[in-house]
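Each chain, letter by letter, is given below.
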Amino acid sequence: MIDNQWVLTAAHCIIKPYTLADYMVNLGAYQLAVPSGVLAAVSAIYVHPIYQGDGTSGDIALIRLQSPVPYTDYIMNICLPAQDVQFPSGLSCYVTGWGSIKQGVSLPAPQTLQMVQLPIIDQAQCNSMYHINNPSLPASQTLIQWDMICAGFPNGQKDACQGDSGGPLACKWNGSWLLAGLVSWGFGCAIANRPGVYTRVSAYSDWIQQHVAVQATPADISIQNVPNNSTGASSCLTYLLFLLTVFIHIILW
């Protein structure tokens, strides 16, 4: 949630063809088997136009809610990074979601929101890791594109997994929690040399602000109204991250 009427997710979570009635956003949920939070209807979905399918650039989508959702102790926006923010290798960040707890093992009841702490991996290093023990992939082929960011461990251990798609990779940055990435793709879960790959949100700061600016009304608290500052956040109403993800039916992570 980046604003009281806007949510970010991954483009591959939006399964075409679709109608807006196919989607609801569950805000403030904690245990999926115990109904809680706010179910919000959707008024518009914007999939980035360069997205071409699994593993491609542009795996990001904006969802506009039909009505602004009041902030609470459990429903709050997260800050967006400015376009020039580069999250350094080794920075410890957090991923949250209700996806599988390991490859092929669904999150058991009551389906409590999970969190994992992961370090950022340098883009070039991540691309090299995906070439290890992968003879079918030409050495010159780049898998980790300009708008992707990786997080995880060289020997696996911890990772996002199927069902976490579109969820937040959140990093503490100069006192603010910034949305560094969105769960996008990977090979299996927690496999050595196959860290999770995320859409790098800072690569789409301008695209996000253009859409929110066009659609905003005077009553909205919109991201374009908050200038960039030294924290690297292009929008921020709070310095606390509440564990939020978009709960929508997906087929990939």
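These figures come from a predicted structure and were not determined experimentally.

### A closer look at the overall build of the protein chain
Next up, step 1: Broken down by element type, the protein chain carries two helices and 12 strands.
Next up, step 2: Starting at the N terminus and ending at the C terminus, the protein chain contains elements arranged as β-β-β-β-β-β-β-α-β-β-β-β-α-β.
Next up, step 3: Relative to its full complement of 253 residues, the protein chain shows a buried share of 53%.
Next up, step 4: Put simply, of all contacts in the protein chain between residues at least 6 apart along the chain, 73% involve residues at least 24 apart.
Next up, step 5: Surface exposure of the protein chain reaches about 11,300 Å², of which carbon and sulfur atoms provide 56%.

### Brief notes about the state of the cysteines
Next up, step 1: The full count for this structure, using the stated rule, is three disulfides.
Next up, step 2: Here C93 connects covalently by a disulfide to C171, the sulfurs 2.0 Å from one another. On the sign convention where negative means left-handed, the S-S torsion of about 105° between C93 and C171 marks this disulfide as right-handed. Placement of C93 in strand β6 (residues 92–97) and of C171 in strand β9 (residues 168–173) is noted, with a sequence separation of 78 residues between them. In this pair, the class of C93 matches that of C171, namely buried.

### Describing the packing of aromatic side chains
Next up, step 1: Scanning all chains against the criterion turns up eight aromatic pairs.
Next up, step 2: An angle of 70° between the planes, with centres 5.7 Å apart, marks the rings of Y94 and W177 as edge-to-face. Here Y94, found in strand β6, pairs with W177, found in strand β10 (residues 176–185); they are 83 residues apart in sequence, far enough to count as distant.
Next up, step 3: We classify Y94 as partly exposed; its relative accessible area is 24%.
Next up, step 4: Pairing Y130 with W185 gives two aromatic rings, centres 5.4 Å apart and planes at 55°, and the pair type is tilted.

### A look at the sheet that holds strand β11 (residues 196–200)
Next up, step 1: Taken together, six strands build a closed barrel; the order of strands is β6-β7-β8-β11-β10-β9 and the barrel is antiparallel. Geometrically, the sheet is characterised by an average inter-axis angle of 45° between neighbouring strands, direction not taken into account.
Next up, step 2: Note that strand β7 (residues 114–121) and strand β8 (residues 148–151) share two bridges and pair antiparallel. The partner of I121 across the bridge, within β8, is C150.
Next up, step 3: Running at roughly 100° to β7, helix α1 (residues 123–131) makes contact with β7, β8, β10 and β11 of the sheet.

Cut-offs applied
Residues numbered from 1 in each chain as written. Predicted model: local features only at pLDDT ≥ 70, side-chain atom pairs only at ≥ 80, totals over all residues. Heavy atoms only, no water. Helix = DSSP H or I, 4+ residues; strand = E, 2+ residues; numbered from the N terminus. Buried < 20%, exposed > 50% of the residue type's maximum accessible area, 1.4 Å probe, protein only. Contact = heavy atoms within 4.5 Å. Areas by Shrake-Rupley, 256 points an atom, 1.4 Å probe, with all protein chains shown as cover. Disulfide = S-S within 2.5 Å. Phe/Tyr/Trp six-rings, centres within 6.5 Å; stacked < 30°, edge-to-face > 60°. Pairing = 2+ DSSP bridges. Axes fitted to C-alpha atoms, helices over the stretch in contact; angles between N-to-C directions.

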